Amino acid sequence: GPAVFHGDHFEVPPIAQGPIPRRPYRAYEDPDGQIWVCTPDGLCTYSDDRFEWFPPEQGGPEGRIWSCLTDRQGRFWVGSPNGVYIRQREGTFSRRSVEHLLGTAGASPLMEGPDGAIWLSAFPAGVLRLSDSGEAAFTMADGLPGNRASACLIDRDGQLWVAFNGGGLTRY
């Protein structure tokens, strides 16, 4: 279950209300301070010793959730094997299709670029760049060292770096 760090030690809180997530993939704190947990069972938030789940029947994203991020416009992006979901502030989730770009539905948001574009890893097909002005897909055929992006960062000069499972590092 969850453990909370208190300066010099971890403490397991009292039994939390709601189903406790098993094997979380990622925890993320949004700009409003809300903790989101990406799990094999879906997406949930954690606050006041309580987990709140966002099941598909209540407008949440479907299935396993790999990662999430909030962009500068306040949109909350969620990546899963079933596709990319976007939630406007305090709204429901809508699915954004990416299959036409690389032939796979699964994608995981990695980073927002300096220009506001969202960079995603499309498993196992390459890297996607989505922006308000358009979208683009990049693969090994475009010179990438691999098709399974695993991590990225934006350096102090605004350059995007992407690391790939199995080796390789690319700078945009």
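As a reminder, the structure under discussion sits directly above these lines.
What you see is a predicted model, and the numbers here were worked out from it, not measured in a lab.

K.L.:
Please give an account of the packing of aromatic side chains that cites residues and values.
P.N.:
How two aromatic rings sit relative to each other is set out by the distance from centre to centre and by the angle between their planes. Per the counting criterion, the structure on display carries 7 aromatic pairs. Aromatic pair tyrosine 46 and phenylalanine 51: ring centres 4.6 Å apart, planes at 45°, arrangement tilted. Take tyrosine 46 and phenylalanine 51: they sit in the same class, and that class is buried. Relative to phenylalanine 93, the ring of phenylalanine 54 lies with its centre 6.3 Å away and its plane at 75°, an arrangement referred to as edge-to-face.

K.L.:
Hey, could you go over the sheet that holds strand β3 (residues 26–29) for me, with residue numbers and the actual values?
P.N.:
Strand order across the open sheet formed by 4 strands is β3-β4-β5-β6, with antiparallel pairing between neighbours. Each of the sheet's edge strands pairs with one partner strand only, and the pair in question is β3 and β6 (50–53). On average, each strand axis in the sheet is inclined to that of its neighbour by 30°, with strand direction left out of account.

K.L.:
Tell me about the nonpolar core, residues and numbers included.
P.N.:
Across soluble globular proteins, nonpolar side chains show a tendency to be buried alongside one another. Ranked by size, the top nonpolar core spans 22 residues in total, and within it Leu43, Phe76 and Val78 carry the most contacts. Residues contacting leucine 43, with those up to four places away along its chain left out, are Trp36, Val37, Cys38, Glu52, Trp53, Phe54, Pro61, Ile65, Phe76, Val78 and Phe93. Trp119, Val127, Val162 and Phe164 belong to the second-largest nonpolar core, a separate cluster that totals 9 residues.

K.L.:
Tell me about the pattern of salt bridges, residues and numbers included.
P.N.:
A complete count under the given rule lists 5 salt bridges for this structure. For arginine 96, the salt bridge identified is with glutamate 135, shortest N-O distance 3.1 Å. Residue arginine 96 is located in strand β10 (residues 93–96), and its partner glutamate 135 is located in strand β14 (residues 134–138); the two are separated by 39 residues in the primary sequence. By relative accessible area, which is 24% here, arginine 96 ends up partly exposed.

Basis of the calculations
Residues numbered from 1 in each chain as written. Predicted model: local features only at pLDDT ≥ 70, side-chain atom pairs only at ≥ 80, totals over all residues. Heavy atoms only, no water. Phe/Tyr/Trp six-rings, centres within 6.5 Å; stacked < 30°, edge-to-face > 60°. Buried < 20%, exposed > 50% of the residue type's maximum accessible area, 1.4 Å probe, protein only. Pairing = 2+ DSSP bridges. Helix = DSSP H or I, 4+ residues; strand = E, 2+ residues; numbered from the N terminus. Axes fitted to C-alpha atoms, helices over the stretch in contact; angles between N-to-C directions. Core = buried A, V, L, I, M, F, W, Y, C linked by side-chain atoms within 4.5 Å. Contact = heavy atoms within 4.5 Å. Salt bridge = Lys/Arg side-chain N within 4 Å of Asp/Glu carboxyl O.

What is shown is where atoms sit, not what they do.
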